[in-house]
Structures are given as C-alpha cells and as structure tokens.
Amino acid sequence: MYQSPGRLCSALLQRDISVLRVSVPRSPVKRSGGAKNLSLSVKSLLCHPACVESQNITPVASKATTASGSVGSGNVCPRGSNSSRLYSALAQMLSSGPMAQAEPGQEGALDLEPCAPEELQRECEEVLRNRPPRIQRSFVSPGGPAHQPHPVRLMQWNILAQALGEGRDSFVRCPLEALKWAERKYLILEEILRYRPDVLCLQEVDHYHDTFQPMLGSLGYHGTFCPKPSSPCLGVEHNNGPDGCALFFRRERFLLEDSASMRLAATMFKSNQVAVVQTLRCRATGRSLCVAVTHLKALSGWEHLRAAQGSDLLQYLQAASEGRPGLPLLVGGDLNAEPDEEVYQRFAASGLGLDSAYKQLSPDGLAEPPYTTWKIRPSGESCHTLDYVWYSRRGLRVHALLELPTAEQIGPDRLPSYSYPSDHLSLVCDFSFLDPPQGPDQG
C-alpha cells in the first residue's frame, strides 16, 4: 500500500545526525546478514531541516560506484548551507560501504517508503504555490493519432547541476532566489511527474544520492549514476559532490538485462565525460532494447573532442549489439553540439541506423528544433539546439513528441526561471516497437 509523503520517518536522521557531525567512516564496516534498506518518507527527505540547514561536517573524499563496479573519487570542496549537506555525507558513507554493493546493478543509499505519484505531485504543487504558472506543453503525433500498444516513453533532460547554476553559470537574468535548491528540486520533480516517463535520461545530476535516487526509487524507478571523474562542480565552494549522468527506468515496466557505466575515450586518452548504457527487457512485450545516456564536452573549440567521444560511445553500442540482431537503441544526450557539427553527423551516419526523433516536429521531418536550450549570460543571449533523442528507425516508431515551448512561453528573461528549473528543455518521446524487427543495424 502506498504511503502518503506527509508521513514523516525521522528515526534515520535522529540516529545518524550525531554520528555525521563528528566524522564519516572512511572504510567499509564488516557486518553479517543481508543488506538492510534504510527507509524514510519523501517528505522527510525533502523537508527535514537537516536537509537544508548548515551542519558542521568534516569534508571527505567523495566516492560513487558505477554500475560496472569501478569507483570514481575526488576531493569535494566544503559544502555550504544551501543544500543537503547532511544527506550528502550520509550518502557518501553508505555508498562506500557494503550496503551499496549488496545487489549487482542496484545503487541504493537511501530508500524511501513507496509513494503514489499523485500524492507527490500534490506535494510539489503545494510547495510551489507561490511561483508563477509553469510552462504548458502538449504532445504532437507526427504520423497522426493512432493506437499503439505498450508505448515506451523516454524523457531526456539536462537538469542543470545545482552547484553550476548557483556558482558558475552566471544566468544574469535569473534571480538567485529562483535557483534555491529547497524549491528548485520540487520544480524538477514536478516536471518528471507531469510526464511520468518509463525511461529517464538525466545530465548534470549532482544530487543523485541525497535526492533523485531515493525520490525516484520511492516512485518505482531503478537508478544508475555515473559521476564525471573531474566534475566542474567540485570547483564550486558550495557543492554537493560531482555531477554526472543518471539513467532511470520503471521497475514494473522493465527488467534489467545488462548495465555498464563508461568513461568516454578520445583518441588515446580517457576524457572527463561519461555514459551509462543498459539493456532492458519490456515486461509487457518481452522485447528488449538498449538505452544510453551521455553528456559530451561543452564549449566552442572542443568539436574534435566531442566527435571522438561520440565515436567511442557509438563503437561501444555497436559492440554491445553484436549477436543481438534487431535490438533497438535509444540514446538520450546533451551532445553540446549543433546539428551541423561533426559529432551529430557521426550519429546520423553510423551503421546503427539511428535517427533523431525531434526532427519529426519539423514540416519536412528533416530539421531539428530551433533550440533546446535558451539562456542569457554576461556574454549575451545563448539559444542553441544541443539535446537529442536518437532511436533505431528500423526497430522503433516515434508515436508522440512533447512540443517545445515558444519564445513567449519561455519569457524575455529566458531559462532558468521561477517557472522552469533548468536552462535546458526536457525532451519527451513515445516510441512503439516495430514488429517484426528489421535488420541487424538496430542493436
């Protein structure tokens, strides 16, 4: 039975606050028996004072275990009073110990009591009642309305790392008040709840362990997180650890067949960008598909590096599909590249038979949207198409697409804002399996 998010379960906090104020264990603690789940309510996680008030916690080295078992580490700068310092420290303690490795493919630090999406959505609306109305968007069916059995909904979204939004990105027309984590996290969660994707591809996630993993876990999602080895968030004084890519899927919809987290290579060296690749089996149809999430190198002047990173991911996907002809692919990513850039062309021309879903919003089905990110920085207005959803055109059919808001809807101060939590717009697509699968270039 679902539990209301209003039910507080603070025993965990009461038990651990005194420990965390002194120190955080740096080595795993031996224990017997199976893994134990630490449970608390969504309300407790989001609203407990320990999540938003300053705590005197000694900074420690951050560690995050990837799905493939590797560990990335880096020194985290001292955390400030504007985000979940206690929960971050607690998540580090748990993720470095045996509990995080109790079950292969599971990345649990904090587990919340199961929560009904409708209850949590009302909770978000209550917290955000003083904010202006959110941007309203509709779905468009490129091929016209048609009933499709068991569609797969994917959301692709760069949610804006909290440390970068407050500390480095310099959104000159966005008030700092609009970026406060205490409310911005509800805006992010509300956007996810509004569309309720089956698969969720996120970039710039720097609150995975203390917010997204437990919150989405309470809604029935399985999550995997891969942090950047040298995240720019770590250079911000008030940070919550490294940012990275996260891939979530609904447990009641899919079974996890295979999972890997990878550090993208460029020619002869490893780069700072990462990807998560998973093979999922649909419980309703028995069909499998491979899903990937990535975030490539930003800024002008790095076009060749992005092209190399994209090629590395494409080669991995090609190798992963060998022996599985007809396995469809879905790739959600912030490529940090316009459609005329080399890395985009490599995705479009790869032997994997990929196409970009959002081209189908254009009249001729050939052009990408005019923008997926729109912000104003000290250097001026920045309006670009950088985010994409790639799919196997011979294995999947685009059933519906969430339209992009107009300039008037976004507003003159652009993004982020009091109405929208990120400088990137979410992309949401409904796909249907083509039956039977056609051709070996689908996996």
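Not measured: the values here are computed from a predicted model.

Caption draft 1: Representation of empty space enclosed by the protein. In total, this model carries two cavities of 30 Å³ or more according to the counting rule given. In this structure, the second largest cavity occupies an estimated 30 Å³ of space. Lining the second largest cavity we find Asp258, Ala260, Val277, Gln278, Thr279, Tyr316 and Ala320. For the lining of the second largest cavity, the secondary-structure elements that each account for two or more residues are strand S10 (254–266), strand S11 (269–282) and helix H9 (303–321). At three residues, S11 tops the list of elements feeding residues into the lining of the second largest cavity. Looking at the lining of the second largest cavity residue by residue, the classes come out as four nonpolar, two polar and one charged.

Caption draft 2: Highlighting the environment of arginine 394. Looking at the element boundaries, arginine 394 is found in the loop between strand S17 (387–392) and strand S18 (396–402). Along the chain, arginine 394 and glycine 326 lie 68 residues apart, while their C-alpha atoms are 8.2 Å from each other.

Caption draft 3: Spatial organisation of the pairing of S10. Alignment of S10 against S11, held across eleven bridges, turns out to be antiparallel. Looking at the pairing, alanine 265 lines up with lysine 270 of S11.

Caption draft 4: Highlighting helix H5 (residues 117–127). Within H5, the full set of buried residues consists of Pro117, Leu120, Gln121, Glu123 and Cys124. Looking straight down H5, one finds that the buried residues subtend no more than 155 degrees of arc, so they occupy a single side.

Caption draft 5: How the structure looks around the sheet that holds S11. With respect to topology, six strands assemble into an open sheet ordered S10-S11-S12-S13-S17-S14, the strand pairing being mixed. Strands with a single pairing partner mark the edges of an open sheet, and in this sheet they are S10 and strand S14 (354–356). Taken over all neighbouring pairs, the strand axes of this sheet differ in orientation by 20 degrees on average, direction set aside. For S14 and S17, the ladder comprises three bridges, and the chain directions are antiparallel. For serine 356, the partnering residue across the bridge sits in S17 and is tryptophan 390. In the packing of H9 onto the sheet, contacts are made with S10, S11, strand S12 (288–295), strand S13 (329–334) and S14, and the angle to S10 comes to roughly 145 degrees. Where helix H10 (residues 342–349) meets the sheet, its contacts fall on S13, S14 and S17, and the angle it forms with S17 comes to roughly 15 degrees.

Caption draft 6: The arrangement of the nonpolar core in detail. Residues Val199, Phe212, Leu216, Phe248, Val291 and Phe431 are the most contacted members of the largest nonpolar core, which totals 66 residues. Ranked by the residues each element gives to this core, the list is headed by helix H7 (residues 181–195), at eight residues. Beyond its immediate chain neighbours, meaning those up to four positions away, valine 199 contacts Val152, Arg153, Leu154, Met155, Leu247, Phe248, Phe249, Phe254, Leu280 and Val291.

Caption draft 7: How the structure looks around the state of the cysteines. In this structure the tally under the stated criterion is zero disulfides. Counting only cysteine sulfurs, cysteine 245 is the nearest neighbor of cysteine 201, a cysteine outside any disulfide, at a range of 9.0 Å. The class of cysteine 201 is buried, set by a relative accessible area of 0%.

Caption draft 8: Quick look at the packing of H5 against H7. It is the contact of H5 with H7, at a shortest axis distance of 9 Å, that shows an interaxial angle of 140 degrees. For the element pair H5 / H7, the angle class is oblique. Here H5 and H7 pass one another in a crossing that is left-handed. Along the contact surface, H5 presents Pro117, Leu120, Gln121, Glu123, Cys124, Glu125 and Val127, while H7 presents Glu183, Tyr186, Leu189, Glu190, Leu193 and Arg194. When its residues are assigned to classes, the contact of H5 with H7 shows seven nonpolar, one polar and five charged.

Caption draft 9: The layout of surface pockets, seen in detail. By volume, the largest pocket amounts to about 870 Å³. As for the largest pocket, its lining consists of 35 residues, of which Ala298, Leu299, Asn336, Lys375 and Arg377 are closest to the centre. Mapped onto the lining of the largest pocket, the elements with two or more residues apiece are S11, strand S15 (373–377) and strand S16 (380–384).

Caption draft 10: Structural view of the sheet that holds strand S5 (residues 139–140). In space, the seven strands of this open sheet follow the order S5-S18-S19-S6-S7-S9-S8, with mixed pairing throughout. Two strands lie at the open edges of the sheet, namely S5 and strand S8 (221–227), each paired on one side alone. Relative to strand S7 (residues 199–205), strand S6 (residues 152–158) is paired through five bridges, and the arrangement is parallel. Pairing of glutamine 156 across the sheet is with cysteine 201, part of S7. Its contacts with the sheet place H7 against S5, S6, S7, S18 and strand S19 (427–433), and it is angled at close to 160 degrees to S6. The strands touched by helix H8 (residues 208–218) are S7, S8 and strand S9 (244–250); relative to S8, the strand with the most contacts, the crossing angle is about 160 degrees.

Reading the values: rules and limits
- Residues numbered from 1 in each chain as written.
- Predicted model: local features only at pLDDT ≥ 70, side-chain atom pairs only at ≥ 80, totals over all residues.
- Heavy atoms only, no water.
- 1 Å grid on protein atoms, 1.4 Å probe; cavity = no way out; pocket = protein on both sides within 12 Å on 5 of 7 lines; lining within 4 Å.
- Points joined across faces, edges and corners; volume = space filled by probe spheres on them.
- Helix = DSSP H or I, 4+ residues; strand = E, 2+ residues; numbered from the N terminus.
- Nonpolar A, V, L, I, M, F, W, Y, C, P; charged D, E, K, R; others polar.
- Pairing = 2+ DSSP bridges.
- Buried < 20%, exposed > 50% of the residue type's maximum accessible area, 1.4 Å probe, protein only.
- Arc of directions from axis to C-beta.
- Axes fitted to C-alpha atoms, helices over the stretch in contact; angles between N-to-C directions.
- Contact = heavy atoms within 4.5 Å.
- Core = buried A, V, L, I, M, F, W, Y, C linked by side-chain atoms within 4.5 Å.
- Disulfide = S-S within 2.5 Å.
- Parallel < 35°, antiparallel > 145°, perpendicular 65-115°, else oblique.
- Left-handed = near helix turned anticlockwise from the far one by under 90°.

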